[in-house]
Each structure stands twice: as C-alpha cells, then as structure tokens.
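Residues per chain, in single letters:
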Amino acid sequence: MLNKNINFPITVIKFGGSSVADADKIKNIAKIIKIKTEARLKAVVIVSAMGRSTNKLIELSKEMSEDPNARELDVLLSTGELVTSTLLSMHLNHLNIKTISLNGIQAGIRTDDKYGRAKIADIDTTRINRELKNNDVVVVAGFQGFSDRNDVTTLGRGGSDTTAVAMAAALKLKNCEIYTDVSGVYTADPRLCERAKPIERIGYEEMLELAITGAKVLHPRSIEVASFNNIDILVKNTFDPKAKGTIIQSESKMENINKVRGIAHQEKIGKITIKGIPDKPGIASSVFKPLSKENIPVDTIVQNSSSNNLTDVTFTVTTEDYQKAKIVAGSMIKKIGASEVTGTDDIGSVSVIGTGMTSTPGYAATMFEALSKENINIEIISTSEIRITCVIKKIRVNDAVNALHNAFKLDIE
Ligand code: ADP
Ligand code: ASP
Ligand code: MG
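Bear in mind that the values here come from a model prediction, so they are computed numbers and not experimental data. (Residues numbered from 1 in each chain as written. Chains lettered and ligands numbered in written order. Predicted model: local features only at pLDDT ≥ 70, side-chain atom pairs only at ≥ 80, totals over all residues. Heavy atoms only, no water.)

Trainee: How should the overall build of the protein be read in this particular structure?
Mentor: From N to C terminus, the protein includes 12 helices and 18 strands. Its C-alpha atoms give the protein a radius of gyration of 23 Å, within 12% of the compact-globule value 22 Å for 413 residues. For the protein, the spread of C-alpha atoms along the three principal axes comes to 75 × 50 × 35 Å. Looking at the protein as a whole, 51% of its 413 residues are labelled buried. Carbon together with sulfur atoms contributes 49% to the accessible area of the protein, which is approximately 19,800 Å² in total. Mean positive and mean negative side-chain charge positions of the protein (53 and 49 charges, respectively) differ by 4 Å. (Helix = DSSP H or I, 4+ residues; strand = E, 2+ residues; numbered from the N terminus. Rg over C-alpha atoms; globule rule 2.2 N^0.38 Å. Buried < 20%, exposed > 50% of the residue type's maximum accessible area, 1.4 Å probe, protein only. Areas by Shrake-Rupley, 256 points an atom, 1.4 Å probe, with all protein chains shown as cover. Lys, Arg positive; Asp, Glu negative; His and termini not counted. Charge placed at Lys NZ, Arg CZ, Asp CG, Glu CD.)

Trainee: Before we go on, may I ask you to explain unusual backbone geometry in this structure?
Mentor: Most peptide bonds take the trans configuration, and most residues that are not glycine carry a negative phi. A positive phi angle, close to 60°, is found at Lys-172, a residue other than glycine. Considering the arrangement of structural elements, one finds Lys-172 in the loop between helix H5 (160-170) and strand E9 (175-180). Positive phi is not limited to glycine here, since Asn-309 has a value of about 65°. For Asn-309, the position within the fold is in the loop between strand E14 (301-303) and strand E15 (310-318). Asn-309 gets classed as exposed once you look at its relative accessible area, which sits at 55%.

Trainee: Is there a simple way to explain the pattern of salt bridges in this structure?
Mentor: Once the charged atoms of two side chains with opposite charge are near each other, the side chains can pair. For the structure shown, the criterion picks out 21 salt bridges. Note that Asp-161 and Lys-14 form a salt bridge whose closest N and O atoms lie 2.6 Å from each other. Residue Asp-161 is located in helix H5, and its partner Lys-14 is located in strand E1 (residues 10-15); the two are separated by 147 residues in the primary sequence. Given the relative accessible area of 4%, Asp-161 is considered buried. Note on Lys-14: relative accessible area 6%, which makes it buried. For the salt bridge of Asp-148 with Arg-110, the shortest nitrogen-to-oxygen distance reads 3.0 Å. (Salt bridge = Lys/Arg side-chain N within 4 Å of Asp/Glu carboxyl O.)

Trainee: How should I be thinking about a positive patch on the surface in this particular structure?
Mentor: Together, Arg-157, Lys-216, Lys-268 and Lys-394 make up a region of like positive charge exposed at the surface. Overall, Lys-268 belongs to the exposed group, its relative accessible area being 55%. (Patch = residues over 30% accessible without salt bridge, like charges linked within 9 Å, V, L, I, M, F, W, Y side chains within 5 Å.)

So yeah, pure geometry; function would need other evidence.
Structure representation (structure tokens):
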C-alpha cells in the first residue's frame, strides 16, 4: 500500500506474544518479514512481549506491593515489548535487513494518561517516516505510548493489536496484518471448541462484540480504530502463514449474512449483589459512582423489581477487580441503607453474536434451550441488538460454548 507522504509501499504487520515466545520463534517471524522486504515493501513491524512475560512482570510487581503504583507498573510492563523489539531488530540486522527498533515514545505514540488502559490520541509519524527512508524494517514495541507528561503508558492487556491498527491509520494505509497462533478468527475459541471453524470475512460490528465479550484474538479497541479509519485487518497464523485467515472489514464491503457468526466466552468474572437497597431515585448513581471513582469498570448490571420498596442490584466485574469492587460495595452499605453485600468470583459468560439476530426472532429461545438441555443454569441475561449474553458458572463455560456451537450449527458452512 502506498503512503502518499513517502514514495514507497509500506505494510504494517503485528506479531503477538505466542509468535515470539522464544529465540527460535523470533527468528521464525523474520522469515515472514523477509518475504515482505523481498517483495520491495517497507515494513513497520509491531511486536508483543515474549510469551507470558507480561504476566510474569505483573506477578513480580505483586511481590513488591498488592496494589502496585500505576505509573511504575506501566514502565515495568512496557519493558516486555522492548525485549522483543530489540531482539528482532538484532536478528534482522544479522540477516542483512536494514532495520531499527523504536519504543512507544520514539515511535510518536501519544496517549491519554490513564495508566494500564491508555487510549492512543495520535501518532506523530515524523520519526518513523524518517527511519523508513533509511531502513527496510522499523520494529515498534507494541502496547505502549506516552502521556502529555512524557510518562510511559500501556494500552491494556492485548493492546499491541491496537498499536498495529493505529499505526496503519497514522501511515494512511488501508490494511494491516495481525499474526497470531491460530488461523484467524474462529466461530468459537478453537482451544475450547474442537469443531470451531475459521471465519473468512467478518464486519467490524460483529467482531467488536465478539472481542468485547471475550474473543481475545483481537483487542476490542483495535477494531474500533479500524472501523473509524476503514482499515481492513487480516488475521493470520504465524505458524501456518499459507492458511487463509480472516478479513475484518466494513460491512458495506460484505454480503449480509443472516445467521449467528460466533460464540464468545469469558471465564474471569466476579458477580456482586447489594441486597435490600431502599428503592428511590439516585440509588444507581450512589452505587456506581464510587466504583467509577476507583476506576473499576462494571459490565452487566441488573436491578430487580422492588418488593416492599426494597431492591437488589447485581453487577459483574473482572476477577482482577473483584476483591476491590466488593470492598467498595461493602463500604457503601450504611450510606445507602442496604442490608448486605454478597459475591462470588467463580463466574463466566457465553455470548452468541450475529447481525442476523436483529430482525429474526427465535435466537434467544434456541440459546436458552441449548443451555437448559445441558442443565446449565443462567444467572443473568443481557442483550444488545446483535448479541445475547448469559452469565453462568465458570465451570460450565466449556460445555456451554460447545452446546451453542452445535445448536447454531456453526460447523456447517
Ligand atoms: P497473541 O499472542 O497473538 O496476541 P492472543 O493469545 O492474544 O494471541 O489471541 C489468540 C488466542 O485467542 C487464540 O490462541 C485463541 O485461544 C483465543 N481465541 C479466543 N476466541 C477466539 C476466536 N473466536 N477465534 C480465534 N481465537 C480465539
Ligand atoms: N504484552 C501485552 C499483553 O500480554 C500486550 C499484547 O500482547 O498485546 O497483554
Ligand atoms: Mg493478543
């Protein structure tokens, strides 16, 4: 793809953690990069941290403090991606491919100042464009940027996908390639569901719902950025680069497919219920304001209809936020006149997604019937126009995904 500011074609390619998990794997991705440079493309290569190294850094930080300082944590986590970008650059140099690695600051990736979940504000491509003139490959450390105070920020778990798509947008490209450890976006997580099949094409809207409800193959924000900038994302398998993969693109470029497209699941959910709340205006606000002040994102919220002017409010959070959320909820009992707070963090969810659901009845009934046949109890139901989510016990998630995959016949083209 030709960038109008520079007169040579550029491609943006991203490799996830499992694709660069050890030295041999880093050498292996150099082969894919070489195919691009041999085709006379200049490549901006975005890399994630090696394997589980981000998790290991988080574990280390927890040994220093239960609640590590957010600024310091972001600097620490950003180092994972620096290890990969420098090693890859060294190996490309060794192969006589002209290259340089850049960290988030050097790559001009400016973000807001929300440590741990920063959003990219803009990318100043001056340095990258300059480096592209002198090199064939610019390796950029994913997942990181810098705030107005010049502090390092990170984009949230899985955020390197967003670095890649935002980089393609900043370089005015029409597409970007994301290499991972499976052959594209599947009808369900192939690790849980043997019969899952790669999806050839999927629109931004459906892909975003899949990602938000647990299909971690792409960072949700990467799809939003792709959709704003009309960038096609091609998801490919690093270990089987000949496999077709999945194209994520604007619905306008696709035929309308009137069926469920995929099943997503989550296994790390905590559920908290505040019981016996006096039912009067302002209650929801007094419950959720303290949680938002503590920077705890809340997912599904259900308020029961009141009896004797008392109501219960149930909400879900991630298991990482669960303990903190329970403490915050407990601390507001007195103020709002509630009777008690209960909770559990052994919860998961399954979602069925497809734009076809908008106009056709019966999808919900099929979903509930499939779960009931497996004797799976539904604790909370939530919906959007193109999604139905059931909150269930974590240990039943695997069975639920497989039952729904069969019920919606997703293994049949
Ligand atoms: P990377 O290290 O390349 O960023 P991730 O681990 O973040 O890779 O994402 C790839 C993983 O996402 C796959 O190994 C797969 O288990 C999981 N996954 C969950 N849902 C899906 C889905 N619908 N399609 C493909 N992969 C999925
Ligand atoms: N290394 C980060 C993570 O593990 C970012 C990424 O892989 O995209 O979440
Ligand atoms: Mg990822």
